[in-house]
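# Notes for the structure review
Listed below are the residues making up each chain.
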Amino acid sequence: MDKHLHQLPLTKSTSRQRYNEWVFRDVPSDITIEVDGGIFSLHKFPLVSRSGRIRKLVAEHRDSDISRIELVSLPGGAESFELAAKFCYGVNFEITAANVAQLCCVSDYLEMSEDYSKNNLGSRAEEYLDSIVCKNLEMCVEVLRQCENLLPLADELKVVSRCIDAVASKACVEQIASSFSRLEYSSSGGRLHMNKQANCELDWWIEDISVLRIDLYQRVITAMKFRGVRPESIAASLVNYAQRELIQKSLSGSNIQEKLVVETIVSLMPVEKFVVPLTFLFGLLRSAVMLDCTVACRLDLERRIGSQLDTATLDDILIPSFRHAGDTLFDVDTVHRILVNFSQQEGDSDEDMEDVSVFESDSPTTTPSQTALFKVSKLVDNYLAEIAPDANLKLNKFIAVAETLPAHARTVHDGLYRAIDVYLKAHQTLSDPDKRRLCKLIDFQKLSQEAGAHAAQNERLPLQSIVQVLYFEQLRLRNALFCSYPDDDIKPMHQSWRINSGALSAAMSPKDNYASLRRENRELKLELARMRMRLNDLEKDHVCMKRNMQKSSSRRFMKSFSKRIGKKFNIFGHSFSRDSNSPSSQSERTESKITERT
């Protein structure tokens, strides 16, 4: 018998038209069997000699000479009964993977066991299943497909479980064989090692099992995981199955079926990190939100995404808002929960790293956790800038997303400043207290020179924020001067002046306080312009000094140049003198007023 020969079951119409080709034409029929709308005019003797069920039915109505029997809920319907009837009449037909599940079920229904006839249909079907089907993965999958319409009887007869175990076993054996093929012998170390560069073909069973219905597919994957099939292979199979069911069949499938597929795939995912592609996880999350999957399903996806968020892109986290009409354009709440998961896992990672020696890391100064934080901080700032123009985006949600990461995650606040500026531009009706609350997120000392220059002229910012920007700009310039001439008496500004928070002073009215801040703002701008001019003069003198030193190295030149530099420093002397009328004294008085209002 050719185990690769497949015979498709006959249709109902064909069974009704062709049944008279294999019955005894020269003997009148004495019993009529009705199965699922199909009518079979047959003979009692061949049937009762093989089928215990028909024998009992005929025996129960011997006195009335029964001539018509209806078989209700027969597995496989008229197609299966025709095969069983052919077997009773001794007509040869091929047992294949396409009909063996039907034969097992119908033989059980009709009680065609060894108790009534030797080598009966039941034992013949069982023998074919065990000796041929279970040794071939493709045939097992074909049988499982046939079992989809034969449940729960096929499950009770262990047809399903035997095929599932066979598929899992075959996949495990193939994995071991492929692993051995990748082993290489190292002549230098004298050991076997795995060749990671070897190109391994995709597990050939992945495409085969993707044709199964989701409930049977789930059982197959569960059996594979139990037997130890690689998580990478499991993940590849899940991705392939999801693409087939959610993309290729999306037009013909129902939302209920798609929801079941998503929830099942999520429950089957390996626990290992980075095994399932992040883009695939985001795709499942979008589907889960759109299909209103269970909370547990969505939280599991958010947790998995959070564990590898540092590899995500902006397009990944721009999840549309599917559920609430008139709300924000993007699902900000979901992204916020993902960030919370990331922050919590990063915190756990930091605790684990405390006991690890720096010599065990590739970089002694930067841990992988810190690198992930930096990447995610840039991602979050870009995300905030993208969602900021949404008129329906509430301030609390914007701030919640921005504050999710720890303070040390951002080394530069340019991205955060840009996002806040976009939000202020799109929400011009925002109150002054809300603007101040929003701008407290920015550490103006961490702005680049370009961002600081932009912020100093940004009228959308609260006045207190502009004062802080100007102060730090002045501080940067003074420190630059100090670094250029460290031997001079110029001191960095941060030693004598502290910036305030912009709070109102209890001793001043709001009107006077506002006027004072405006005046201080003008003074800071003027001082900033002076500092820039002085810095430019020093840079020109520095270039001139180098040029002259190359032309002549005489001591007379050096003395004359020293006098010039001394005179130049006298120009700046009043800025750092103790005179009460100096800008420095005015700055100290300004600082005292600002600090008092804090």
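Now for a look at the structure at hand. (Residues numbered from 1 in each chain as written. Predicted model: local features only at pLDDT ≥ 70, side-chain atom pairs only at ≥ 80, totals over all residues. Heavy atoms only, no water.)

### A closer look at the overall build of the protein
Scanning the protein from N- to C-terminus turns up 26 helices and five strands. Per-residue burial for the protein yields a buried fraction of 44% across its 598 residues. Partitioning the contacts of the protein with sequence separation of at least 6, the portion at a separation of at least 24 is 70%. (Helix = DSSP H or I, 4+ residues; strand = E, 2+ residues; numbered from the N terminus. Buried < 20%, exposed > 50% of the residue type's maximum accessible area, 1.4 Å probe, protein only. Contact = heavy atoms within 4.5 Å.)

### Some words on the sheet that holds strand β2 (residues 38-42)
One open sheet accounts for three strands, arranged β2-β1-β3; its pairing is mixed. What marks the edges here is a single partner per strand, and that holds for β2 and β3 (68-70). Adjacent strand axes in the sheet meet at a mean angle of 20 degrees when their direction is disregarded. In the sheet, strand β1 (residues 31-35) pairs with β2 via five bridges, with the strands oriented antiparallel. Note that in β2 the partner of Thr32 across the bridge is Ser41. Contacts between helix α4 (residues 77-89) and the sheet are confined to β1 and β2, with β2 contributing the most and set at about 10 degrees to the helix. (Pairing = 2+ DSSP bridges. Axes fitted to C-alpha atoms, helices over the stretch in contact; angles between N-to-C directions.)

### Comments concerning the packing of aromatic side chains
Under the definition given, this model contains four aromatic pairs. For the ring pair Phe398 and Tyr423, a centre distance of 4.8 Å and an interplane angle of 35 degrees mean the geometry is tilted. With Phe398 in helix α19 (residues 395-402) and Tyr423 in helix α20 (residues 414-426), this residue pair connects regions lying 25 residues apart in the sequence. Each member of the pair Phe398 and Tyr423 is classed as buried. Here the guanidinium or amino end of Arg53 rests over the ring plane of Tyr109, the centre of that ring lying 4.1 Å away. (Phe/Tyr/Trp six-rings, centres within 6.5 Å; stacked < 30°, edge-to-face > 60°. Lys NZ or Arg CZ within 6 Å of the ring centre and 35° of its normal.)

### Describing the packing of helix α14 (residues 278-290) against helix α15 (residues 295-307)
It is at 10 Å that the axes of α14 and α15 come closest, and there the two elements cross at 155 degrees. Taken together, α14 and α15 sit at an angle that is classed as roughly antiparallel. As for the relative orientation of α14 and α15, their crossing is left-handed in sense. Between α14 and α15, the residues in contact are Leu278, Leu281, Phe282, Leu284, Leu285, Ala288 and Val289 and Cys297, Arg298, Leu301, Glu302, Arg304 and Ile305, respectively. (Parallel < 35°, antiparallel > 145°, perpendicular 65-115°, else oblique. Left-handed = near helix turned anticlockwise from the far one by under 90°.)

### Thoughts on the pattern of salt bridges
Applying the stated criterion across every chain, the model contains 14 salt bridges. With a closest N to O distance of 2.8 Å, Asp155 and Arg219 form a salt bridge. Linking Asp155 in helix α8 (residues 153-156) with Arg219 in helix α11 (residues 214-227), this pair joins segments that are 64 residues apart in sequence. Judged by relative accessible area, Asp155 falls into the partly exposed class, the value being 29%. Owing to a relative accessible area of 33%, Arg219 belongs among the partly exposed residues under this scheme. A salt bridge links Glu302 to Arg337; the nearest nitrogen and oxygen atoms lie 3.0 Å apart. With Glu302 in helix α15 and Arg337 in helix α17 (residues 332-353), the pair connects residues that are 35 residues apart, well separated along the chain. Using a relative accessible area of 2% as the deciding quantity, one classes Glu302 as buried. Since its relative accessible area comes to 34%, Arg337 is described here as partly exposed. A network of salt bridges, in which partner residues are shared, links Glu126, Asp130 and Arg162. (Salt bridge = Lys/Arg side-chain N within 4 Å of Asp/Glu carboxyl O.)

### Things to note about α11
The end-to-end C-alpha distance of α11, which contains 14 residues, comes to 20 Å, matching closely the 20 Å that a straight helix rising 1.5 Å per residue would cover. Taken as a whole, α11 has its buried residues at Ile214, Leu216, Tyr217, Val220, Ile221, Ala223 and Met224. (Expected span 1.5 Å × (residues − 1).)

### Here we look at the nonpolar core
Within the largest apolar cluster, 151 residues are counted, with the highest numbers of intra-cluster contacts made by Phe81, Met224 and Leu309. Setting aside residues no more than four positions away along its own chain, Leu309 makes contact with Phe282, Ile317, Ile338, Leu339, Phe342, Val376 and Leu379. (Core = buried A, V, L, I, M, F, W, Y, C linked by side-chain atoms within 4.5 Å.)

### Remarks on unusual backbone geometry
The amide bond that connects Leu151 to the next residue, Pro152, takes the cis arrangement and shows omega of 5 degrees. Its location among the elements puts Pro152 in the loop between α7 (137-147) and α8. One non-glycine residue, Asn119, lies in positive phi territory at about 50 degrees. Among the secondary structure elements, Asn119 is positioned in the loop between α5 (100-109) and α6 (121-131). Of note, the phi angle at Asp292 is positive, near 55 degrees, even though the residue is not glycine. Counting through the fold element by element, Asp292 comes out in the loop between α14 and α15.

### Remarks on the environment of Val271
Its location among the elements puts Val271 in the loop between α13 (255-268) and α14. Classification of Val271 by relative accessible area gives exposed; the value is 75%.

### As for the packing of α13 against α14
Running from N to C, α13 and α14 point in directions that differ by 140 degrees, and their axes come no closer than 10 Å. Looking at the two axes, α13 sits oblique to α14. Note on packing geometry: the crossing formed by α13 with α14 is left-handed. Note on element contacts: α14 touches α13 through Phe280, Leu284, Ser287 and Ala288, opposite Val262, Ile265 and Val266. Its residues placed into classes, the contact of α13 with α14 shows six nonpolar, one polar and no charged. (Nonpolar A, V, L, I, M, F, W, Y, C, P; charged D, E, K, R; others polar.)

### Observations regarding the environment of Leu441
Secondary-structure assignment places Leu441 in the loop between α21 (432-439) and α22 (449-456). With 34 residues separating them along the chain, Leu441 and Ala407 place their C-alpha atoms 9.5 Å apart.

These values are about where atoms sit, not about what they do.
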